[in-house]
Amino acid sequence: MKGKILVTGGTGYIGSHTVVELQNAGYEVIIIDNLSNSNKNVVDGIEKITGIRPIFKELDCTDKEEMRNLFSQYPGINGIIHFAASKAVGESVQKPLLYYRNNLDSLLNLLELMPEFNIESFVFSSSCTVYGQPDTLPVTENAPIKPALSPYGNTKQIAEEIIQDTVHSGASLKSIILRYFNPIGAHPSAEIGELPLGVPQNLVPFVTQTAAGLRKELSVFGDDYNTPDGSCIRDYINVVDLAKAHVIAVTRMLENKMKKPVEIFNLGTGKGLSVLEIIQTFEKVTGVKLPYKIVGRREGDIEKVWADPEFANKELGWTAKESVEDTLLSAWKWQLHVMENN
Ligand code: WQD
């Protein structure tokens, strides 16, 4: 085995796809997840893909004693990839204290426990939301951090600062911070994918549920932005491409190839697509007409953002490879799989 990796939030959307790629790369994986926004049968899906069943413990990272017991029960963990967090922008505005408590307590517990168990390598799941509306596009890792537009975004900014300060204090910690743009799609096997509980907040799961007839129509939140077709622009990145970047990051740490104790990478395609372009592309690749209507803007949405992924491309040797066409098709295949199996 190349090493033992703890993946918090490992039954979640990006977490589960990362576990698959870690196992494919020869890592032993331990998943912890409190199942607040995911389902335990995701572990079955992972096993169906890789043939290896990861260790799974239903645990909440905010429970420090339980976390200490876990590290005692599973010695020899070489690194941690930390996904576990609440991540719905809108919900965070309604329930800020839940977001600060959950997202920051879980991080603080991990950082406090790592030295007790001689774990030094920490990959943190961050987000392009820390940039707000960038002044210039594409956005690089050196772009200024803007005041967060939501408690969710603020927890990501604060978390990054906590990591930086901890490393700066001389703690035996190294961290790679990965700032995701908009993850979409599903594993090509359709055994795992995005499983939003309740009404999807994100665009693509709402698109696939509408196409499947589970939703009456998609509401497009505004077409009066300063963009070519008036709808917002985002950098949509295939979730498997994103997962592969995590394997590269953790390997970089374990092989002591980092150039600084904290490294930050933008994980995007470098290409911006509008909401209406996503709809048009989805219709083209699936042949399914998508009912939608234009409604008012959604509070907190930024107008346009897409990555300059050059630093990740060069320094990590990683590039997003999947086309948006294949990615939307994978999302659709996954939606059909979920319906056939429910
Ligand atoms: C994309 C675009 C909407 C739904 C957020 C977080 C980010 C990450 C991904 C966690 C926007 C439009 C959406 C709908 C629509 N979260 N839209 N109708 O807001 O860019 O990013 O989710 O990791 O950190 O900030 O993603 O998918 O919600 O929206 O018109 O029903 O689609 O206005 O322009 P977002 P999104």
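This text goes with the structure placed above it.
Attention in this report is confined to the structure presented alongside it. (Residues numbered from 1 in each chain as written. Predicted model: local features only at pLDDT ≥ 70, side-chain atom pairs only at ≥ 80, totals over all residues. Heavy atoms only, no water.)

1. Focus on the sheet that holds strand β5 (residues 121-127)
- Overall, parallel pairing links the 7 strands, which are arranged β3-β2-β1-β4-β5-β6-β11 in an open sheet. Single-partner strands in this sheet number two, and they are β3 (55-58) and β11 (262-267). Put simply, the sheet's adjacent strands are angled 20° from each other on average, direction ignored.
- Along the sheet, helix α6 (residues 151-168) makes contact with β5, β6 (174-180) and β11, crossing β5 at roughly 155°.
- Relative to the sheet, helix α8 (residues 239-254) contacts β1 (4-8), β4 (79-82), β5, β6 and β11, its axis offset from that of β6 by approximately 165°. (Pairing = 2+ DSSP bridges. Helix = DSSP H or I, 4+ residues; strand = E, 2+ residues; numbered from the N terminus. Axes fitted to C-alpha atoms, helices over the stretch in contact; angles between N-to-C directions. Contact = heavy atoms within 4.5 Å.)

2. Section: empty space enclosed by the protein
- Across all of its chains, the model carries 1 cavity of 30 Å³ or more by this definition.
- In this structure, the largest cavity spans a volume of roughly 50 Å³.
- Together, His82, Phe83, Ala84, Ala85, Asn103, Phe124, Ser125, Thr155, Lys156 and Ala159 line the largest cavity.
- The greatest single-element share of the lining of the largest cavity, amounting to 3 residues, is contributed by α6. (1 Å grid on protein atoms, 1.4 Å probe; cavity = no way out; pocket = protein on both sides within 12 Å on 5 of 7 lines; lining within 4 Å. Points joined across faces, edges and corners; volume = space filled by probe spheres on them.)

3. Examining the pattern of salt bridges
- Enumeration over the complete set of coordinates arrives at 23 salt bridges.
- Notably, a salt bridge pairs Glu65 with Arg68, separated by 2.6 Å at the nearest N-O pair. With Glu65 and Arg68 both in helix α3 (residues 64-73) and 3 residues apart, this pair spans about one turn of that helix.
- Residue classification places Glu65 among the partly exposed positions, given a relative accessible area of 45%. (Salt bridge = Lys/Arg side-chain N within 4 Å of Asp/Glu carboxyl O. Buried < 20%, exposed > 50% of the residue type's maximum accessible area, 1.4 Å probe, protein only.)

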